[in-house]
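Okay, here's what each chain looks like letter by letter:
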Amino acid sequence: MKTKLICSFILALLYLIINYYYIKVFNFEEDAYIMFRYVEMFVKGYGITFYPGGEHLEGATDFLWFILLSILNKVHIDVGIASLILNASGVFLITYIMSAVVLNVQDTRTVKILFPFSFLWILFIPIFAALGGFSVFLYSSIILLTVHLLNKEEKINWIPILSIIISLFRPDGVIFGVCFTFIGLYICVKEKRRQYIINMMIALIIGIIYFTWRYTYFRELLPLPLYVKQSNDVWLTVKLNIKVFFSWGSIAGVTLFLIYFILQKPQDKRKIFLLSIPIIIFFSILIFVYLSQNVSFRFQAPVMYIGYYLILNMLINLLRFKIKHKKLLIGLFYLVILLTTISTIRNLGWNYIYNRFTYMNNTFPIRFSEKILHDGDVIALTEAGRLPYWINKKVQIIDLVGLNTKYTAKNKTTKQYIEKVNPDIIMAFINTTYEGNKNVYWIEDPYIFKNSINISGIEKHDQAMIAVENFLLGHWKEYDVFFVKFWHSYPHVYAIKKSKKKSDILYNLLNESFNNYTSYFELKNLLK
């Protein structure tokens, strides 16, 4: 017990320090700022909304994550720091579970060989989603705890309660929650089945109360992002997801899983298969969903950790028997982790470049709010993370993709809708073929603008791009338009009404934004 606690605490503390340093040097992920904004709007008393005076919106789907962040923020803990603390607790729980599996082995020599597996799970790519402010580790830890209890057939009566917690954490958690509940019912012994069914009813009542409340509060059946993620081209989505799901790292992990599974005893095979059912169902559903915001495979993260846990259990099962090639079997697990670590290191390099050479990761959003915006302005955009988060004016924010605006979430974004909104400023991500050597270009010729646009696709973000293009071409004389460099192209398009008489200021701010890099903490200090 003491060894498990110490190891879990050390890794959780190490993670906390690394994450703290990470945001002291870098920034949180674009979409994590959406959740942070909802939390701060709620704590300030505006309700669950995206901007002061706005309608109630469920643009942030991680409900329990939202509640926990709000509680910590309410007691004056910065929302970014709150995400660190909560994910560190998830690291503690996952490590505790993994070490419990290893330390349950009787042979001391085997324990020494396998003990590194207690913490090597953290090297998987989803760590960047956690570092970037998403609920990956805390959410995954609750799922893994449920799998562990099912595997050990301990405290089975808690499965329905844990399942409703998972379901309230994230919408896709419903898949896991339902699967876990019925697996628990299947393995529950007859003497405890009555209490189990009672707990199922309690969980169901909690779910009904929550659903009734959220429908009454938000007046929507589903969170807005779920409307956005409904694919308009199912087969294209399937092909894209297959390409993502079956990367070489995933193939290596699945291959190892199958090798270990084939070598299991029949009774162990049955249990492993039973615990794998949620993974199979989850992927069978997820493959048809358009996975926007899937930063560092955060949606697949729980599956990775369940798979890791099951592989570890299967390896221990094999080592208990006199089976040949034990060293090879252990070596294969280490090899898969090594391959995964290489991908993680590559992702670290990408994150460094992205954070250091992206103009959004500096003082621009704050200066933009201070020098361009006024209370009552309307800003329409497609990138609803960093820019809105740092805005401290009472402006109306229209999300043209639909993650934070009801109309565009449920309807096609059109030129006519943007005309109705009548935005003072537009900020959109649009695929362009424009080439140049400057950071910002003031586009005065509408033909250059039109000929530079390159949009293909029918998903929500494509609809938003087309609508912005058509709107600006139809109202060219009313707006000044800028192409802004992002990586090696010019996909960020800004447009500001000429009547605001701030086009020169915006042009200069955009140019100046490439001169310096500012971390999350530095930006927070600027707001004080």
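Residues numbered from 1 in each chain as written. Predicted model: local features only at pLDDT ≥ 70, side-chain atom pairs only at ≥ 80, totals over all residues. Heavy atoms only, no water.

### Regarding the overall build of the chain
Across its full length, the chain carries 24 helices and six strands. Taken over C-alpha atoms, the radius of gyration comes to 25 Å for the chain, in line with the 24 Å a tight globule of 528 residues would show. Along the longest, intermediate and shortest principal axes, the C-alpha atoms of the chain span 80 × 50 × 45 Å. Intrachain contacts of the chain at a sequence separation of at least 6 include 73% that bridge at least 24 residues. Working note: accessible area of the chain is about 23,700 Å², and carbon and sulfur atoms make up 63% of it. Across the chain, the centroid of the 54 positively charged side chains sits 11 Å from that of the 34 negatively charged ones. (Helix = DSSP H or I, 4+ residues; strand = E, 2+ residues; numbered from the N terminus. Rg over C-alpha atoms; globule rule 2.2 N^0.38 Å. Contact = heavy atoms within 4.5 Å. Areas by Shrake-Rupley, 256 points an atom, 1.4 Å probe, with all protein chains shown as cover. Lys, Arg positive; Asp, Glu negative; His and termini not counted. Charge placed at Lys NZ, Arg CZ, Asp CG, Glu CD.)

### Some thoughts on the packing of helix H7 (residues 136-152) against helix H8 (residues 159-169)
The contact between H7 and H8 brings their axes to 10 Å, and the two run at 155°. Here H7 lies roughly antiparallel to H8, going by the angle between them. Both H7 and H8 take part in a crossing whose hand is left-handed. For the pair formed by H7 and H8, the contact residues are Leu138, Tyr139, Ile142, Ile143, Leu145, Thr146, Leu149 and Leu150 on the first element and Ile159, Leu162, Ile165, Ile166 and Phe169 on the second. A class-by-class count of the residues in the contact of H7 with H8 yields twelve nonpolar, one polar and no charged. (Axes fitted to C-alpha atoms, helices over the stretch in contact; angles between N-to-C directions. Parallel < 35°, antiparallel > 145°, perpendicular 65-115°, else oblique. Left-handed = near helix turned anticlockwise from the far one by under 90°. Nonpolar A, V, L, I, M, F, W, Y, C, P; charged D, E, K, R; others polar.)

### A word on the pairing of strand E1 (residues 378-381)
Burial along E1 is two-sided: Val378 and Ala380 and Ile379 and Leu381, pointing in opposite directions, are all buried. Bridge count between E1 and strand E2 (residues 396-399): four bridges; the pairing is parallel. Its bridge partner lying in E2, Ile379 is registered against Ile397. Where E1 and strand E3 (residues 425-429) come together, three bridges link them in parallel fashion. Paired with Ile379 across the strands is Ile425, a residue of E3. (Buried < 20%, exposed > 50% of the residue type's maximum accessible area, 1.4 Å probe, protein only. Pairing = 2+ DSSP bridges.)

### Points about the sheet that holds strand E4 (residues 440-443)
Spatially, six strands are ordered E2-E1-E3-E6-E5-E4 in an open sheet, and the strand pairing comes out mixed. Either end of the sheet is taken by a strand with one partner, and the two such strands are E2 and E4. Strand after strand, the sheet turns through a mean of 20° between neighbouring axes, direction not considered. The sheet strands contacting helix H22 (residues 460-474) are E3, strand E5 (479-486) and strand E6 (489-497), and the helix crosses E3 at an angle near 135°.

### Concerning the packing of helix H2 (residues 32-43) against helix H4 (residues 79-103)
A pair of packed helices can be characterised by two numbers: the angle between their axes and the separation between those axes. In the contact formed by H2 and H4, the axes pass within 10 Å of each other and the chain directions differ by 115°. Taken as axis vectors, H2 and H4 run roughly perpendicular relative to one another. In the crossing of H2 with H4, the sense of the turn from one axis to the other is right-handed. For the pair formed by H2 and H4, the contact residues are Phe36, Val39 and Glu40 on the first element and Val79, Gly80 and Ser83 on the second.

### Quick notes on the pattern of salt bridges
Evaluation of the coordinates by the stated rule reveals ten salt bridges. The network of salt bridges with shared partners includes Glu40, Asp78 and Lys524. (Salt bridge = Lys/Arg side-chain N within 4 Å of Asp/Glu carboxyl O.)

### Some points on a nonpolar patch on the surface
A contiguous nonpolar surface patch, about 480 Å² in accessible area, is contributed by Ile6, Phe9, Ile10, Leu13 and Ile17. If you trace the backbone, Ile17 turns up in helix H1 (residues 2-25). (Patch = residues over 30% accessible without salt bridge, like charges linked within 9 Å, V, L, I, M, F, W, Y side chains within 5 Å.)

### Brief notes about the environment of Arg270
Structurally, Arg270 is set in helix H14 (residues 266-286). A C-alpha to C-alpha distance of 30 Å links Arg270 and Ile125, two positions 145 residues apart in sequence.

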